[in-house]
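Here is how the chains run, residue by residue.
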Amino acid sequence: MALPHILLALITVFLWGFNFVVIKIGVTDMPPLFLTALRYLCAAVPLVFFLPKPNVPWRHMIVYGMAMGFVQFGLLYPAIKLGLPAGLASLVIQSQAFFTLALAVLFLGERPLPSQIAGAVIAFGGLAVIGIERMTMAAFMPLLMCIGSAIAWAFGNIVNRRVGQVNAVSFVAWTSLVPVLPLAALSLVVEGPGAIVEGLVNATPMTAFVVIYMAYGATIVGAGIWSYLLLRYPAGTVAPFSLLVPVVGFVSAYLAFAEHITILEVLGGGLVILGLVLNVFGRRFAFSRISSGAA
């Protein structure tokens, strides 16, 4: 990979990893569901007035928008609001890679490599270790919500693969329209109009920064760069950079909030990272062995 493209990949890693800190700052003063609706409203408007609708059936765009926006972040933001550490959230949500693998087997008929299966077993073992310390309902529910968020991300990945090659920025902008009204309606029911009004009245320049960062930094710029790189390089070349996202998430959360990490969380996190490494590099290792054997 050319050096400028490596730098672009690292920019994306930082945008996505630091986003968990931004989310935690945002949900402190703003109802999480309403904040999510604002994120997607700003990601869609005004770009949809300047970018043509991608050549994708509306049903795919609706399913993608609901999975990625309504379910994924509709679970993640409240989970962080309920006390899930930002650094831990950045790690747990990476389990989407294994849920994507399982859904690809179920819906696309793909056959996983033994190394990918082993990676999934190790990673879920790591999640179980993390869960041991969070067995109280107050601590376990946010963790479970984050895992649900990862499953929703995996569904979005499967839809994205069915869509094929499209303009990433246009696709993200138009699909961002989908979850806005459902999120706003759910916020009215769950969080109440009083909390929404209070959040808007007490909004600060930091609140505006949070929304703009999430909408344009993490959503439009991050996704756009990632898609650009995937169009130029094999997925196996680009995907390993995603392993750095939880590293940035943990470091950023420690610097911003001095988040405490327990021994079991370190152990479980290490197992998750090991599983991700096997998932990302297993195919390359298997190919190199086959090539060596053939030679």
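Residues numbered from 1 in each chain as written. Predicted model: local features only at pLDDT ≥ 70, side-chain atom pairs only at ≥ 80, totals over all residues. Heavy atoms only, no water.

Q: Can you walk me through the environment of methionine 214 in this structure?
A: Secondary-structure assignment places methionine 214 in helix 11 (residues 205–232). Taking the relative accessible area as the measure of exposure, methionine 214 reaches 0% and is therefore buried. In this structure the C-alpha to C-alpha distance between methionine 214 and asparagine 19, which are 195 residues apart in sequence, comes to 6.8 Å. Ignoring anything within four residues of it in the chain, the contact list for methionine 214 reads Asn19, Val22, Ile23, Leu35, Arg39, Tyr77 and Thr219. (Helix = DSSP H or I, 4+ residues; strand = E, 2+ residues; numbered from the N terminus. Buried < 20%, exposed > 50% of the residue type's maximum accessible area, 1.4 Å probe, protein only. Contact = heavy atoms within 4.5 Å.)

Q: Help me understand the pattern of salt bridges, please; the structure alone is not making it clear to me.
A: Close approach of charged atoms allows side chains with opposite charge to pair. Within this structure, the stated rule accounts for 1 salt bridge. Lysine 24 is paired through a salt bridge with glutamate 259; the nearest N and O atoms lie 3.0 Å apart. Here lysine 24, found in helix 1 (residues 3–29), pairs with glutamate 259, found in the loop between helix 13 (245–257) and helix 14 (263–294); they are 235 residues apart in sequence, far enough to count as distant. (Salt bridge = Lys/Arg side-chain N within 4 Å of Asp/Glu carboxyl O.)

Q: I tried to follow unusual backbone geometry on my own but got confused; where do I start?
A: Excluding glycine, a negative phi dihedral is what most residues carry, and trans is how most peptide bonds are arranged. A cis amide bond, omega 15 degrees, links valine 45 with the succeeding residue proline 46. Note that proline 46 resides in the loop between helix 2 (32–44) and helix 3 (58–81). Of note in the backbone geometry, alanine 258 takes a positive phi value of approximately 55 degrees without being a glycine. In this fold, alanine 258 is placed in the loop between helix 13 and helix 14. On the accessibility criterion, alanine 258 (54% relative accessible area) is exposed.

Q: Where do I start with the confidence of the model for the protein chain in this structure?
A: Atom-level detail of predicted coordinates should not be read off regions where pLDDT is low. In the predicted model, the protein chain carries a mean pLDDT of 88, and 94% of its residues have values of at least 70. Least confident of the elements in the protein chain is helix 12 (residues 235–238), whose mean pLDDT is 68; most confident is helix 9 (residues 180–190), at 97. The model gives residues 286–295 a pLDDT under 50, and that stretch makes 1 contact with residues more than four places away or in other chains. (pLDDT = per-residue confidence, 0-100.)

Q: Hey, could you run me through empty space enclosed by the protein in this one?
A: In this approach, a probe sized like a water molecule rolls over the atoms, and the result shows the empty space that is left. Counted according to the given criterion, the structure contains 1 cavity of 30 Å³ or more. Its boundaries defined by the atoms lining it, the largest cavity holds a volume of some 30 Å³. Lining the largest cavity, in full, are Pro85, Gly87, Leu88, Phe250, Glu259, His260, Ile261 and Glu265. Among the residues forming the lining of the largest cavity, the class breakdown is 4 nonpolar, 2 polar and 2 charged. (1 Å grid on protein atoms, 1.4 Å probe; cavity = no way out; pocket = protein on both sides within 12 Å on 5 of 7 lines; lining within 4 Å. Points joined across faces, edges and corners; volume = space filled by probe spheres on them. Nonpolar A, V, L, I, M, F, W, Y, C, P; charged D, E, K, R; others polar.)

Q: Explain helix 13 here, please?
A: Structural remark: α-helix, 3.6 residues per turn; residues separated by three or four positions point the same way. For helix 13, built from 13 residues, the straight-helix expectation of 18 Å at 1.5 Å per residue is met to within 8% by its first-to-last C-alpha distance of 18 Å. For helix 13, every residue scored as buried is listed here: Val245, Pro246, Val248, Gly249, Ser252 and Ala253. Projected down its long axis, helix 13 shows its buried positions confined to an angular sector of 150 degrees, all on one face. Facing away from the buried side of helix 13, by more than 90 degrees, are the exposed residues Tyr254 and Leu255. Alanine 258 occupies a position one or two residues after helix 13 and carries a positive phi of about 55 degrees. (Expected span 1.5 Å × (residues − 1). Arc of directions from axis to C-beta.)

Q: Would you take a moment to explain the side chain of serine 252 for this structure?
A: Mapped onto the secondary structure, serine 252 falls in helix 13. If we ignore the near neighbours within four places in the chain, the residues touching serine 252 are Phe18 and Val21.

Q: How should the nonpolar core be read in this particular structure?
A: Generally speaking, nonpolar side chains in soluble globular proteins are found buried as a group. Among the nonpolar cores identified, the biggest contains 78 residues, and Phe20, Leu35, Leu76 and Tyr77 are the most heavily contacted of them. At 10 residues, the largest contribution of residues to this core is made by helix 7 (residues 137–163). Ignoring any residue separated from it by four or fewer positions in sequence, one finds leucine 76 in contact with Phe20, Ile23, Ala89, Ile93, Cys146 and Ser149. (Core = buried A, V, L, I, M, F, W, Y, C linked by side-chain atoms within 4.5 Å.)

Q: Sorry if this is basic, but what is going on with the packing of aromatic side chains here?
A: Geometry of an aromatic ring pair is reported as the spacing of the ring centres plus the angle between the planes. Scanning the model with the defined rule gives 11 aromatic pairs in all. Here phenylalanine 14 and phenylalanine 18 contribute two aromatic rings whose centre-to-centre distance is 5.5 Å and whose plane-to-plane angle is 5 degrees, an arrangement assigned as stacked. With phenylalanine 14 and phenylalanine 18 both in helix 1 and 4 residues apart, this pair spans about one turn of that helix. Taking 5.8 Å as the distance between ring centres and 75 degrees as the angle between the ring planes, the aromatic pair formed by phenylalanine 18 and tyrosine 213 counts as edge-to-face. In this pair, phenylalanine 18 is assigned in helix 1 and tyrosine 213 in helix 11, connecting sequence segments 195 residues apart. Here a set of aromatic residues connected by ring pairs shows up, and it is made of Phe14, Phe18, Phe209 and Tyr213. Above the face of the phenylalanine 257 ring, lysine 24 is positioned so that its terminal group lies 4.6 Å from the ring centre. When the ring centre of phenylalanine 73 is taken as reference, the NZ or CZ atom of arginine 39 above it lies at 4.2 Å. (Phe/Tyr/Trp six-rings, centres within 6.5 Å; stacked < 30°, edge-to-face > 60°. Lys NZ or Arg CZ within 6 Å of the ring centre and 35° of its normal.)

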